[in-house]
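# Structure assessment
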Amino acid sequence: MRDRGPGGGRLLRLNMGIVFAFLYTPLVVLVILSFNQSKYASLWGGFSTKWYGVLAHDSAVIRSIGTTFFIAAAATVLSIVIGLPLAFGLERWRRNAALDSASYFPLLIPDIVTAIGLLSFFAAIKFPLGVRSIVIAHSVWGIAFATAIIRTRLRGFDRSIEEASLDLGVKEIPTFFKVTLPVIWPGIIAAALVVFTLSVDEFVIAYFTAGQTVTFPIQIYGMIRFGITPEINAAATILLCVTMLSIATALILGGRRNRGVPEEAVA
């Protein structure tokens with residue numbers, strides 16, 4: 001490859017620095033202002049953690065966080081339970097471009113369109129809006145995410161170890177649990193973390209299908225209508241930390257490689 005010279009390298013580094021600064025400066029400012037002692041979010045009054053204490057004693061916020069985590073956990077379980085066999089079906093037994101497109105289509109539809117469609121559907125079948133409707137709504141695109149991530153893991157899976165297990169007389173179902181599942185488990189965990197994080201963060205679809213249920217993003221939206229305070233910055237910082245931790249864990253697990261055949265396969 002031809003050397004582009006030090007000038008080109010400096011220009012690329014400068015461009016990269018500008019892009020990252022544009023992307024992450026607002027987040028850094030948000031975190032800093034969450035420790036602002038002043039009650040005015042835009043006026044720095046000194047370092048303080050009191051707004052995290054205020055947030056911890058806000059019963060409405062705590063209740064919304066609990067509701068959000070319950071919904072995210074339920075939507076994650078439902079997405080994995082449906083997405084795992086779907087990923088196997090698309091990757092192993094039915095390779096079809098039309099089916100692939102259909103499985104990814106929910107990821108491409110704008111949230112507002114999905115929200116309106118789900119609201120209309122629930123109204124048509126007279127399904128009550130609340131926690132259950134949000135779980136179902138989040139599972140619509142959660143299944144698509146889970147399927148896509150698990151399929152990525154399946155593509156790098158060496159099927160010869162499954163064939164070896166079957167040749168040794170192990171039935172298909174025990175082979176799945178003793179050989180296949182341990183190998184693709186990091187991909188399943190990565191998919192679960194991504195779906196969980198997206199469900200925690202999601203606002204538009206939840207807002208349309210929540211009824212009287214208040215999730216954490218809806219609670220923040222209700223608070224922000226009266227002005228931005230350090231308490232809101234503290235809540236957003238906590239949500240940011242949860243999101244970054246989940247995504248980082250998902251990336252680490254999703255990038256792991258199988259280093260050998262599970263011992264149970266040859267037991």
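For clarity, every value in this text was computed on a predicted model and none was experimentally measured.

Once that is clear, we can look at the overall build of the protein. Scanning the protein for helices and strands turns up 11 helices and zero strands. If you list the helices and strands of the protein from N to C, you get α-α-α-α-α-α-α-α-α-α-α. The 267 residues of the protein split such that 38% are buried. Residue pairs in contact within the protein that sit at least 24 positions apart in sequence constitute 75% of those at least 6 positions apart. By element, 68% of the accessible surface of the protein is carried by carbon and sulfur atoms, the whole surface being about 15,800 Å².

By secondary structure assignment, the location of Thr-237 is in helix α11 (residues 230-254). Residue Thr-237 is classed as buried on the basis of its relative accessible area of 5%. A distance of 2.7 Å separates a polar side-chain atom of Thr-237 from the backbone oxygen of Asn-233.

This part is about the packing of helix α3 (residues 59-93) against helix α8 (residues 172-201). Direction vectors running N to C along α3 and α8 enclose 135°, while the axes themselves pass 9 Å from each other. Comparing their axes, α8 and α3 come out oblique. When the axes of α3 and α8 are compared, the crossing they make is right-handed. Where α3 abuts α8, its residues Thr-68, Phe-69, Ile-71, Ala-72, Ala-73, Ala-75, Thr-76, Ser-79, Ile-80, Leu-84, Phe-88 and Arg-92 lie against Phe-176, Thr-180, Ile-184, Ile-188, Ala-191, Ala-192, Val-195, Phe-196, Ser-199 and Val-200. Residues that form the contact of α3 with α8 fall into these classes: 16 nonpolar, five polar and one charged.

For the structure shown, the criterion picks out 11 aromatic pairs. Considering the side-chain rings of Phe-20 and Tyr-24, the 6.1 Å spacing of their centres and the 20° angle between planes classify their relative orientation as stacked. Of this pair, Phe-20 and Tyr-24 both sit in helix α1 (residues 5-33), four residues apart, which is roughly one turn of that helix. Measuring from ring centre to ring centre gives 5.3 Å for Phe-35 and Phe-47, while their planes differ by 15°; the resulting arrangement is stacked. Of this pair, Phe-35 sits in the loop between α1 and α2 (50-56) while Phe-47 sits in the loop between α1 and α2, and the two are 12 residues apart along the sequence. Following the ring pairs from residue to residue traces out a cluster consisting of Phe-203, Tyr-207, Phe-208 and Tyr-221.

Our focus in this paragraph is the nonpolar core. Grouped together as the largest cluster of nonpolar side chains are 17 residues, with contacts concentrated most on Ile-80, Leu-84, Ile-150, Leu-154, Ile-184 and Ile-188. Every element with two or more residues in this core is listed here: α3, α6 (131-155) and α8. Considering each element in turn, this core owes the most residues, eight residues, to α8. Ignoring any residue separated from it by four or fewer positions in sequence, one finds Ile-184 in contact with Leu-84, Phe-88, Arg-153, Leu-154 and Phe-157. Counting 13 residues, the second-largest nonpolar core is a separate cluster that includes Tyr-52, Leu-55, Phe-216 and Ile-220.

Fine structural detail should not be taken from predicted coordinates in areas where pLDDT scores are low. Looking at the protein, the pLDDT average stands at 81 and 88% of residues meet or exceed 70. Ranking the helices and strands of the protein by mean pLDDT puts helix α9 (residues 204-209) first, with 92, and helix α7 (residues 160-167) last, with 74. The model gives residues 257-267 a pLDDT under 50, and that stretch makes 16 contacts with residues more than four places away or in other chains.

Moving on, we come to the packing of α6 against α8. At their nearest, the axes of α6 and α8 sit 9 Å apart, and the two run at 155° to each other. The angle between α6 and α8 falls in the class roughly antiparallel. As for how α6 packs across α8, the hand of that crossing is right-handed. Along its contact with α6, which presents His-138, Trp-141, Gly-142, Phe-145, Ala-146, Ile-149, Ile-150, Arg-153 and Leu-154, the element α8 presents Val-183, Ile-184, Pro-186, Gly-187, Ile-188, Ala-190, Ala-191, Val-194, Val-195, Leu-198 and Ser-199. Classifying every residue of the contact of α6 with α8 by side-chain character gives 15 nonpolar, four polar and one charged.

Below, the discussion takes up unusual backbone geometry. Positive phi, normally seen in glycine, also occurs at Lys-126, with a value near 60°. Along the chain, Lys-126 falls in the loop between α5 (111-124) and α6.

Once that is clear, we can look at α6. With 25 residues, α6 should reach 36 Å at 1.5 Å per residue; the first-to-last C-alpha distance of 35 Å fits that figure. Most pronounced at Val-140, the bend in α6 amounts to some 35°.

Calculation rules
Residues numbered from 1 in each chain as written. Predicted model: local features only at pLDDT ≥ 70, side-chain atom pairs only at ≥ 80, totals over all residues. Heavy atoms only, no water. Helix = DSSP H or I, 4+ residues; strand = E, 2+ residues; numbered from the N terminus. Buried < 20%, exposed > 50% of the residue type's maximum accessible area, 1.4 Å probe, protein only. Contact = heavy atoms within 4.5 Å. Areas by Shrake-Rupley, 256 points an atom, 1.4 Å probe, with all protein chains shown as cover. Polar contact = N/O pair within 3.5 Å; in protein donor to acceptor, adjacent residues only side chain to side chain. Axes fitted to C-alpha atoms, helices over the stretch in contact; angles between N-to-C directions. Parallel < 35°, antiparallel > 145°, perpendicular 65-115°, else oblique. Left-handed = near helix turned anticlockwise from the far one by under 90°. Nonpolar A, V, L, I, M, F, W, Y, C, P; charged D, E, K, R; others polar. Phe/Tyr/Trp six-rings, centres within 6.5 Å; stacked < 30°, edge-to-face > 60°. Core = buried A, V, L, I, M, F, W, Y, C linked by side-chain atoms within 4.5 Å. pLDDT = per-residue confidence, 0-100. Expected span 1.5 Å × (residues − 1). Bend = angle between axes of the 7 residues up to and from the residue.

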